[in-house]
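Below, each chain spelled out in residue letters.
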Amino acid sequence: GDSVTQMEGPVTLSEEAFLTINCTYTATGYPSLFWYVQYPGEGLQLLLKATKADDKGSNKGFEATYRKETTSFHLEKGSVQVSDSAVYFCALSGALGGYQKVTFGTGTKLQVIP
Amino acid sequence: ETGVTQSPTHLIKTRGQQVTLRCSSQSGHNTVSWYQQALGQGPQFIFQYYREEENGRGNFPPRFSGLQFPNYSSELNVNALELDDSALYLCATKGKTGTVNTEAFFGQGTRLTVV
């Protein structure tokens, strides 16, 4: 079945550092790929998405490129801020038997220190 | 703001009891899914409803059941609560199903604690 693997956390960075969170996936067909962010005590917010190979999703300075050849969707940001501290989930959505579900990775906690 | 509202936000129940969690979504979102997120884990798919019928289910026992109503609101019911049911329960809605792989819009979740 579908699965998502993302790098273990926590990741601790200084403000203005470069961020990479690795994500790889296994899926049948052509899934859509997502990054969700969860701030402490809150639900999930969609950060960015890509629906086909070579698409680049971007939002709030974050970006990720759908790489079908390496089945990856790594999240990057050039300069992180303290306010980016949160848990980031890589996810995919695929159609299966007439319904769709979102399959999530285990999450990577990011802590940005001043 | 995702337009998805869940209630209550927090809930404490005793082992063996039953619980009902609720979700309401913006008009037009006729697909609703429920997820269980244990502490420190990613959300796990419980089931999905489309036009008031369950059309997909994850690896959860039958004591997890649901309803979807004509106004697109939804309920998750859990019977015979176990300690391991303690988790954040997330509701997610989408405007279409079975066509384009659209993103899901999540509510803020209900934090259930079973003691």
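In this numbering scheme, every chain counts its residues from 1 along its sequence in written order. The order in which chains are written sets their letters, starting at A; the order in which ligands are written sets their numbers, starting at 1. Since the coordinates come from a predicted model, pLDDT governs what is reported: local features require at least 70, and pairs of side-chain atoms require 80 or more to be given and counted, while whole-chain, interface and lining totals use all residues. No hydrogens and no water enter the side-chain calculation; it runs on all heavy atoms of the structure.

A. Spatial organisation of the pattern of salt bridges. Residue and element names in this part refer to chain A. Every case where a carboxyl oxygen of Asp or Glu lies within 4 Å of a side-chain nitrogen of Lys or Arg is listed as a salt bridge. Applying the stated criterion across every chain, the model contains seven salt bridges over all chains. As a salt-bridge pair, K52 and D55 come within 3.3 Å of each other at their nearest N and O atoms. Of the residues examined, K52 reaches a relative accessible area of 52% and is grouped as exposed. Where K56 meets E63, a salt bridge forms, and the shortest distance between an N and an O atom there is 3.6 Å. Classification of residues uses two cut-offs on accessible area relative to the type maximum, computed with a 1.4 Å probe and protein chains only: under 20% is buried, over 50% is exposed, and between them is partly exposed.

B. Region of the structure containing the environment of C23 of chain B. All names here are of chain B. Note on placement: C23 falls in strand 3 (residues 19–24). A relative accessible area of 3% places C23 in the buried class. For C23 and Q41, which are 18 residues apart along the polypeptide, the C-alpha to C-alpha distance reads 22 Å. Secondary structure elements follow DSSP: runs of H or I of four or more residues count as helices, runs of E of two or more count as strands, with numbering from the N terminus.

C. Summary view of the environment of S25 of chain B. Residues and elements named next belong to chain B. You can see S25 is positioned in the loop between strand 3 and strand 4 (31–37). Taking relative accessible area as the criterion, S25 reaches 13% and is therefore assigned buried. Distance from S25 to N71, taken between C-alpha atoms, is 8.8 Å for residues 46 residues apart in sequence. In this analysis, two residues are considered to be in contact whenever any of their non-hydrogen atoms come within 4.5 Å of each other. Residues within four places of S25 in sequence aside, it is in contact with G3, V4, Y72 and T93.

D. Here's a closer look at the sheet that holds strand 7 (residues 56–59) of chain A. Residue and element names in this part refer to chain A. Pairing within the open sheet is antiparallel, and its four strands lie in the order 3-9-8-7. Two strands in the sheet have a free side with no partner beyond their single neighbour: strand 3 (19–21) and strand 7. Here the strands of the sheet are splayed against their neighbours by 15° on average, with no regard to which way each runs. In terms of strand pairing, strand 3 meets strand 9 (residues 75–77) through three bridges, oriented antiparallel. Across the sheet, the residue bridging to I21 is L75, located in strand 9. Here a strand pair is declared whenever DSSP counts at least two bridges between the two strands. In this analysis an axis means a line fitted to C-alpha atoms, helices contributing only their contacting stretch, and an angle means the value between N-to-C directions, from 0 to 180 degrees.

E. Spotlight on the state of the cysteines. By disulfide we mean two sulfur atoms from cysteines, separated by a distance within 2.5 Å. Here the structure, examined in full by the defined rule, presents two disulfides over all chains. At a sulfur-sulfur separation of 1.9 Å, the disulfide partner of C23 of chain A is C90 of chain A. Its S-S torsion of about -70° marks the bond between C23 of chain A and C90 of chain A as left-handed, since a negative value means left-handed. Taken as a pair, C23 of chain A in strand 4 (residues 23–26) and C90 of chain A in strand 10 (residues 86–96) lie far apart in primary sequence, 67 residues in all. Taken individually, C23 of chain A and C90 of chain A each receive the classification buried, so the pair is uniform in this respect. Between C23 of chain B and C91 of chain B runs a disulfide, and the two sulfur atoms are separated by 1.8 Å. The sign of the S-S torsion, about -55°, decides the handedness of the disulfide formed by C23 of chain B and C91 of chain B: left-handed. In this pair, C23 of chain B sits in strand 3 while C91 of chain B sits in strand 9 (residues 87–94), placing the two residues 68 residues apart along the sequence. Considered together, C23 of chain B and C91 of chain B belong to a single accessibility category, that of buried residues.

F. The arrangement of the packing of aromatic side chains in detail. Side-chain rings of Phe, Tyr and Trp, where Trp is taken by its six-membered ring, are said to pair if the distance between their centres is within 6.5 Å; with planes under 30 degrees apart they count as stacked, over 60 as edge-to-face, and otherwise as tilted. Applying the stated rule across the entire model yields 12 aromatic pairs over all chains. Centre to centre, the rings of F104 of chain A and F106 of chain B are 5.8 Å apart; their planes meet at 70°, and the pair counts as edge-to-face. Of the two residues, F104 of chain A is situated in strand 11 (residues 99–104) and F106 of chain B in strand 10 (residues 105–106); the pairing between them involves two chains. The interplanar angle of 65° and the centroid separation of 5.2 Å between the aromatic rings of F60 of chain B and F64 of chain B together place this pair among those described as edge-to-face. Just as F60 of chain B is buried, F64 of chain B falls in that class too. Each member of the aromatic cluster is reached from another via a ring pair, and the members are F34, Y36, F89 and F104 of chain A together with Y35, F45 and F106 of chain B.

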